[in-house]
Every structure is written in C-alpha cells, then in structure tokens.
Amino acid sequence: MSDENPWVDQVKTALGDRAYSLNYSEGMQCRYRELPLDGATRTIEIFLETTHAGHPFDLTWLTRCTDDPASGIDFDLSAPANEGGVLWQAHHDTLLGFRGDAHAIPVFIRGYFLGRAVAARIAEQSKSA
C-alpha cells in the first residue's frame, strides 16, 4: 500500500473503506484527502457533503494518528464554527474502537440535524405563542 508503516496503512485503509461505503452504500457524498504532515501527526480529512442531502451546510471529519500505534487515533466531526463547531471528538487506542465510531457517524449526523430542526421548530412555536 505505501512505504510507511503497517499501522498508518491500517488507519488509512479503515478511513478509505469507510469513505467508500459512505459514498456507495449509504449515499452520503464525501471526499477523502490526506493533509500535509504536521510534525509527527498525519491527518486525513473526509469532507461530508451533507448539503446534497438537503442540510444547510457541510461537515468535516478529521482523523489524526502518528506512526506510533501507542498514540492511538483521534478524530473530530465538525460543523462550521457558527453552526456548532466541533460536534464530536473521540480518541481510540485501537483500530477496532475507531471503526465502531466511524460506522456510527451517519446516525450521529442524522441525529444532529434532526435535533437542530426540532429546536428551530420549538423556537418558532415559542415566538408565536
């Protein structure tokens, strides 16, 4: 896969597989890209095009790891700063735990946008009451 180490390759494969399944199995359009190395930290961005599903803005999922498996995997799911900023942050010591949360992202996103819609509806009802 690469001339890097097996740990990094496993993380990249997990993310690539998830981005692929989001696009082609779950219909959530997304773009995968590796960001420039920041010191020892590798960052992969998956840009989730939620506007294609009728939502008012898109989300970004950043995953970070180093070449050392002991440092684990960090990820955060973010909205634009004026729409909530970081919505979910997690750290995983294992690839298995990371994969579990990666599979929960669509459910989390649906809940986030549903919660926003309900809150907006309640606020509108309060204004008219």
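Keep in mind the model is a prediction, meaning the values are calculated, not measured.

Student: Tell me about the overall build of the protein, and please be specific about residues and values.
Tutor: Across its full length, the protein holds two helices and five strands. Mapped from its N terminus to its C terminus, the protein presents α and β elements in the order α-β-β-β-β-β-α. Within the protein, buried positions represent 36% of all 129 residues. A sequence separation of at least 24 residues applies to 38% of the contacts in the protein between residues at least 6 apart. For the protein, the accessible area works out to roughly 7400 Å², and carbon and sulfur atoms hold 54% of it.

Student: Describe in detail the environment of Gly16, supporting the description with residues and values.
Tutor: Position of Gly16 among the secondary structure elements: in helix α1 (residues 6–24). For Gly16, a relative accessible area of 26% puts it in the partly exposed group. As for Gly16 and Ile46, which are separated by 30 residues in sequence, their C-alpha atoms are 9.2 Å apart.

Student: How would you explain the packing of aromatic side chains if you had to name every residue and give the values?
Tutor: Overall, the coordinates contain nine aromatic pairs when judged by the stated rule. Between the aromatic rings of Trp61 and Phe75, the centroid separation amounts to 6.0 Å while the plane-to-plane angle is 75°, which identifies the pairing as edge-to-face. Residue Trp61 is located in strand β3 (residues 59–65), and its partner Phe75 is located in strand β4 (residues 73–78); the two are separated by 14 residues in the primary sequence. This pair shows no difference in class: Trp61 is buried, exactly as Phe75 is. Arranged with centres 5.0 Å apart and planes meeting at 65°, the rings of Tyr112 and Phe113 form a pair that is edge-to-face.

Student: I'd love a proper account of the sheet that holds β3, names of residues and values included.
Tutor: One open sheet holds the five strands; their spatial order is β1-β2-β3-β4-β5, and the pairing between them is antiparallel. Each edge of the sheet is formed by a strand with only one pairing partner; in this case those strands are β1 (30–34) and β5 (86–92). Looking at each pair of strands side by side, their axes are set apart by 15° on average, direction ignored. The strands touched by α1 are β1, β2 (42–48), β3 and β4; relative to β1, the strand with the most contacts, the crossing angle is about 165°. Where helix α2 (residues 95–128) meets the sheet, it contacts β2, β3, β4 and β5, and its direction lies at approximately 170° from that of β5.

Basis of the calculations
- Residues numbered from 1 in each chain as written.
- Predicted model: local features only at pLDDT ≥ 70, side-chain atom pairs only at ≥ 80, totals over all residues.
- Heavy atoms only, no water.
- Helix = DSSP H or I, 4+ residues; strand = E, 2+ residues; numbered from the N terminus.
- Buried < 20%, exposed > 50% of the residue type's maximum accessible area, 1.4 Å probe, protein only.
- Contact = heavy atoms within 4.5 Å.
- Areas by Shrake-Rupley, 256 points an atom, 1.4 Å probe, with all protein chains shown as cover.
- Phe/Tyr/Trp six-rings, centres within 6.5 Å; stacked < 30°, edge-to-face > 60°.
- Pairing = 2+ DSSP bridges.
- Axes fitted to C-alpha atoms, helices over the stretch in contact; angles between N-to-C directions.

Purely geometric stuff here, so don't read any function into it on its own.
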